[in-house]
Structure formats: C-alpha cells, structure tokens
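Letter by letter, the chains look like this.
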Amino acid sequence: MALSSFDIDAPQWDQSTFMGRLKHFFNITDCRTALLPDSRLDEAKALVESCRAGSIPPGTTEEQLHYAKKLYDSAFHPDTGDRMNLIGRMSFQVPGGMAITGFMLQFYRTVPAVVFWQWVNQSFNALVNYTNRNAASPITPKQIGVAYITATSTALATAVGLNLYTKKAPPLVARWVPFAAVAAANCVNIPMMRQQEILNGIAVTDENGNKLGHSTKAAVKGITQVVISRITMAAPGMIVLPIIMQRLEKYKFMQRITFLHGPIQVMMVGVFLIFMVPAACSLFPQRCSMAVSKLEPELRNSIVSQYGDSVQQVYFNKGL
C-alpha cells in the first residue's frame with residue numbers, strides 16, 4: 001500500500017468485535033507509553049496530523065505511522081486532541097491502580113487506613129473520570145468539586161460502614177469490603193463527574209460523523225457502560241486476590257514475611273490489571289451506537305424530518 005494513501009485513523013483491528021477491541025486496548029493501554037516524555041508524544045501527534053493532511057515525511061515507514069498513532073491514542077483526548085494529564089491516562093491505570101488497590105487490600109482492618117486509602121483511590125478515580133470524559137460536554141470547577149466530594153463520601157461511608165459491620169463476619173468477607181466501596185463509589189463518581197452529559201446530552205452523529213443533535217439518553221447509555229467497565233476492571237483483583245492471600249497467609253513462610261504482604265499484593269494486582277484494563281475497556285465499543293427509535297422524541301422527530309428513514313443509528317463517544 002502506498003503511504004500517500006495511508007489512512008492513519010482506520011482501526012488496525014475490527015472494533016465491532018470484542019477481540020478486535022481487546023487488541024486495540026492492549027495497544028493503547030501499554031503502560032510503557034506512560035514513561036515517554038511529552039516531547040516524544042508531541043512528535044507522534046505531529047506525525048499523525050501530517051498523515052491526516054496527506055503530507056507524510058519522506059522515509060517514514062508504515063510501522064512508524066502505526067506506532068505514532070498508538071502514542072497519540074494513548075496520550076491525547078479523542079474529542080479535543082489535547083494531551084491528557086499523565087495520571088488520568090488509561091496507560092497509567094496499571095501502575096497507578098496496582099499501587100492504590102494493593103494497599104487498599106492490605107490495609108483494610110483499621111478505620112484510619114480505610115479512610116486514607118479510599119480517599120486516595122477516589123482522588124485517583126476522579127482524575128481518571130474527568131480526563132476520559134466526553135470533552136464535548138464541559139463541566140465547571142464547582143461541579144467537579146461536588147462530584148469529587150460526593151463520590152469520596154460514598155466510598156468512605158460504604159467502606160467504614162461495612163468495615164464495622166463485618167467485625168464479626170468471616171475474615172474473607174472483611175477483605176471484600178474495599179471492592180464493595182469501590183463499586184459503590186464508581187456508581188456515583190462517574191455519573192457525577194459527567195453530569196453535564198446527563199443534563200444537557202452529548203453530541204450524536206450519523207455514520208459519517210455529521211452532527212445530528214444532543215441526546216441525554218445516549219449519555220446515560222454511554223455512562224452506564226463506563227460504570228460497568230470500571231467495576232469489571234477492579235473485580236477480579238479485588239475479589240480473587242483476597243482469597244489467594246488468605247490461603248497464602250496460612251503458610252509459615254508467609255507469616256515470617258508479613259512486611260512483604262503489601263508489596264506482594266501490589267505486584268499481584270498489577271498482574272490482574274495488565275489483562276483487566278484492556279479487557280474491561282473492550283466490553284463495549286468506544287464509538288457507541290444507539291437506534292434512532294430509542295432517542296428522546298424531540299431529537300428522533302428532528303432526525304426523521306431531515307433524513308427520513310436513511311438514518312437508523314446514531315453514534316457518539318461514550319468515553320472511557
């Protein structure tokens with residue numbers, strides 16, 4: 001294929017299938033890209049934009065173009081093209097998530113430890129949710145603050161309440177409290193951080209990218225899918241790992257190295273997240289679709305009056 005006709009935005013893998021999306025997200029959530037300097041990312045962006053403009057630098061290979069697109073997708077927002085903050089990128093989910101989740105699972109017994117690590121986790125989640133929102137729907141600093149406080153309060157109330165409730169429960173049940181708190185907080189944090197999309201709707205387009213209007217129902221569908229994905233992302237590590245640790249702690253060699261239990265859990269969470277971050281992101285297409293018949297009546301009537309039956313589906317970025 002002549003590089004002069006290379007379509008850099010064409011997906012390398014079929015995004016309509018789970019396996020295709022899985023390969024895509026394994027590619028862009030590669031945590032090694034989080035180590036690259038901003039100058040290298042900016043070079044990748046410049047190459048992507050040059051390719052889009054039909055001006056590929058002489059000597060550029062197809063492999064270099066694919067790698068530039070990988071860096072671009074991992075670090076720049078799909079709506080705005082702006083470079084995202086490092087901590088909020090999906091490529092930082094493995095190193096950031098493994099450290100925080102590992103210590104949440106290790107220090108779950110005392111209320112002060114529960115409060116501190118749930119606060120750290122919700123601060124991290126709030127930044128990730130804000131970074132990966134649908135940027136076409138702006139959110140004010142006040143709304144960000146309310147979303148952050150509400151989600152953090154929900155996580156702390158769930159964690160502390162369940163922690164006290166499970167004092168007399170089997171030890172394994174107490175180990176699952178951090179996951180219950182994370183799941184509850186995700187159900188609050190993500191919708192609150194993206195409340196503008198629910199209140200005002202998000203932009204929906206036809207198959208060719210032509211804007212058709214704004215839909216609140218599309219926003220609700222997209223945000224619901226993101227909540228499911230985030231809970232799925234955390235579930236295996238936070239449900240299975242406590243079972244593994246409970247069994248390991250019965251062995252004498254583990255009882256002699258209690259000071260290493262925290263680092264061991266951090267590393268094991270990392271193993272889970274390396275697979276679960278791309279897998280959870282792949283559950284639903286990022287370019288989400290919705291039948292025109294399921295839109296709010298005003299928008300549906302507007303589309304039908306302009307396009308008749310030629311537009312059956314609308315498309316929108318659900319965010320991550």
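The structure presented is a predicted model; accordingly, all values stated were derived computationally and were not measured.

S.K.: I'd like a rundown of the overall build of the chain, residues and numbers included.
M.R.: Looking only at helices and strands, the chain has 13 helices and 4 strands in total. The C-alpha radius of gyration computed for the chain amounts to 22 Å, which stays within 12% of the reference 20 Å derived for 320 residues, consistent with globular compactness. Seen through its C-alpha atoms, the chain measures out along the principal axes to roughly 65 × 50 × 35 Å. Of all 320 residues assigned to the chain, the portion counted as buried reaches 48%. Taking contacts inside the chain between residues at least 6 apart in sequence as the whole, the part at least 24 apart equals 76%. Just so you have it, the chain exposes about 15400 Å², and 63% of that area is on carbon and sulfur atoms. Taken as two groups, the 29 positive and 20 negative side-chain charges of the chain have centres that lie 16 Å from each other.

S.K.: Explain the domain arrangement of the chain to me, and be specific about the residues and the numbers.
M.R.: Domain annotation of the chain identifies domain 1 (1-82) and domain 2 (88-315). Using C-alpha coordinates to define each centre, domain 1 is positioned 26 Å away from domain 2. At the interface, 20 residues of domain 1 touch 22 residues of domain 2. Interface area for domain 1 against domain 2, summed over the two sides, is near 1500 Å², with a carbon-plus-sulfur share of 63%. Interface area lost by domain 1 to domain 2 is led by Arg21, Phe25 and Thr29, which between them contribute 31%. At the surface where domain 1 touches domain 2, the tally comes to 3 residue pairs in polar contact (both at pLDDT 80 or more). Of all elements in the fold, only helix H1 (18-28), helix H2 (38-52) and helix H3 (62-75) reach the threshold of two or more residues within the side of domain 1 that touches domain 2. Broken down by element, the residue count for the side of domain 1 that touches domain 2 peaks at 6 residues, all from H1. Considered class by class, the residues forming the side of domain 1 that touches domain 2 number 10 nonpolar, 6 polar and 4 charged.

S.K.: Go over the packing of aromatic side chains, please, and point to the residues and values.
M.R.: On inspection of all chains with the given rule, the structure shows 8 aromatic pairs. Residues Phe92 and Phe124 carry aromatic rings whose centres are separated by 6.5 Å and whose planes lie at 55° to one another, so their mutual orientation is tilted. With Phe92 in the loop between H3 and helix H4 (93-106) and Phe124 in helix H5 (residues 111-131), this residue pair connects regions lying 32 residues apart in the sequence. Accessibility expressed as a relative area gives 8% for Phe124, which makes it buried. Among the aromatic residues, ring-to-ring pairing joins Phe103, Phe107, Phe116, Trp117 and Trp119 into one connected group. For Arg287, the ring lying beneath its charged end belongs to Tyr315, and the centroid distance is 4.3 Å.

What counts as what
Residues numbered from 1 in each chain as written. Predicted model: local features only at pLDDT ≥ 70, side-chain atom pairs only at ≥ 80, totals over all residues. Heavy atoms only, no water. Helix = DSSP H or I, 4+ residues; strand = E, 2+ residues; numbered from the N terminus. Rg over C-alpha atoms; globule rule 2.2 N^0.38 Å. Buried < 20%, exposed > 50% of the residue type's maximum accessible area, 1.4 Å probe, protein only. Contact = heavy atoms within 4.5 Å. Areas by Shrake-Rupley, 256 points an atom, 1.4 Å probe, with all protein chains shown as cover. Lys, Arg positive; Asp, Glu negative; His and termini not counted. Charge placed at Lys NZ, Arg CZ, Asp CG, Glu CD. Domains from an automatic or database assignment. Buried area = accessible area lost by both parts, 1.4 Å probe. Polar contact = N/O pair within 3.5 Å; in protein donor to acceptor, adjacent residues only side chain to side chain. Nonpolar A, V, L, I, M, F, W, Y, C, P; charged D, E, K, R; others polar. Phe/Tyr/Trp six-rings, centres within 6.5 Å; stacked < 30°, edge-to-face > 60°. Lys NZ or Arg CZ within 6 Å of the ring centre and 35° of its normal.

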